[in-house]
Amino acid sequence: MFLSKCLAAADHPYLMGVGGRKKNNSPASMQGLTVKSLKHHVALQPLFIIMGAGVLFVAAYVGRLARKSTDVNWSKMKDPVDPMSVYENKQFKMFNVGGVDHSNLSTKRNEPNYRA
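Residues numbered from 1 in each chain as written. Predicted model: local features only at pLDDT ≥ 70, side-chain atom pairs only at ≥ 80, totals over all residues. Heavy atoms only, no water.

Draft legend 1. Representation of the overall build of the protein chain in the model. Each helix and strand counted, the protein chain has 7 helices and 0 strands in total. Ordered by position from the N terminus, the helices and strands of the protein chain form the series α-α-α-α-α-α-α. Taken across its 116 residues, the protein chain has 9% of its residues classed as buried. A separation threshold of at least 6 residues defines the contact pool for the protein chain, and within that pool the share at least 24 residues apart is 14%. Carbon and sulfur atoms provide 65% of the accessible area of the protein chain, an area that totals close to 10100 Å². (Helix = DSSP H or I, 4+ residues; strand = E, 2+ residues; numbered from the N terminus. Buried < 20%, exposed > 50% of the residue type's maximum accessible area, 1.4 Å probe, protein only. Contact = heavy atoms within 4.5 Å. Areas by Shrake-Rupley, 256 points an atom, 1.4 Å probe, with all protein chains shown as cover.)

As structure tokens, this is what we get:
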């Protein structure tokens, strides 16, 4: 009953009627969100470009983390050693600041073999 009262309250003319909040806050009526108004407000153009580039970079980085990081296991294997062995002697971080050669790193640091 409480949920139905809340949902019925959202159909109030204050929200949906003529001059209501929903019509006043539509993207078409807000300045700077249509191409016509964006051409008029020249100061908003760099903001949209920078924010769009930032969103694209974040989406690309999160996608890269989901594909290449050791934190996500897409193979659904029960034994965690087998999927993680793919990352042995490979660089999975984005930047190699120290210039470390990862091709034989596990043998240099005498990493124990837990699979034996």
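Picking up where we left off.
Draft legend 2. Spotlight on the side chain of Ser-37. Tracing the backbone through its elements, the reader meets Ser-37 in helix α4 (residues 35–40). Under the relative-accessibility criterion, Ser-37 is labelled buried at 13%. Within the structure, the side chain of Ser-37 is placed 2.9 Å from the side chain of Thr-34, a separation counted as a polar contact. With near-sequence residues (within four places) excluded, Ser-37 lies in contact with Met-30, Gln-31 and Gly-32. (Polar contact = N/O pair within 3.5 Å; in protein donor to acceptor, adjacent residues only side chain to side chain.)

Draft legend 3. Representation of a nonpolar patch on the surface in the model. Together, Phe-57, Val-58, Tyr-61, Val-62, Leu-65, Met-94, Phe-95 and Val-97 make up an exposed nonpolar region whose accessible area comes to about 820 Å². Within the element layout of this structure, Leu-65 appears in helix α5 (residues 44–68). (Patch = residues over 30% accessible without salt bridge, like charges linked within 9 Å, V, L, I, M, F, W, Y side chains within 5 Å. Salt bridge = Lys/Arg side-chain N within 4 Å of Asp/Glu carboxyl O.)

Draft legend 4. Fine view of the packing of aromatic side chains. A full pass over the atoms with the stated rule returns 1 aromatic pair. Consider the rings of Phe-57 and Tyr-61, whose centres lie 6.3 Å apart with planes at 10°: the pair is stacked. Note that Phe-57 and Tyr-61 are positioned in helix α5 at a spacing of 4 residues, about one turn of the helix. Taking relative accessible area as the criterion, Tyr-61 reaches 32% and is therefore assigned partly exposed. (Phe/Tyr/Trp six-rings, centres within 6.5 Å; stacked < 30°, edge-to-face > 60°.)

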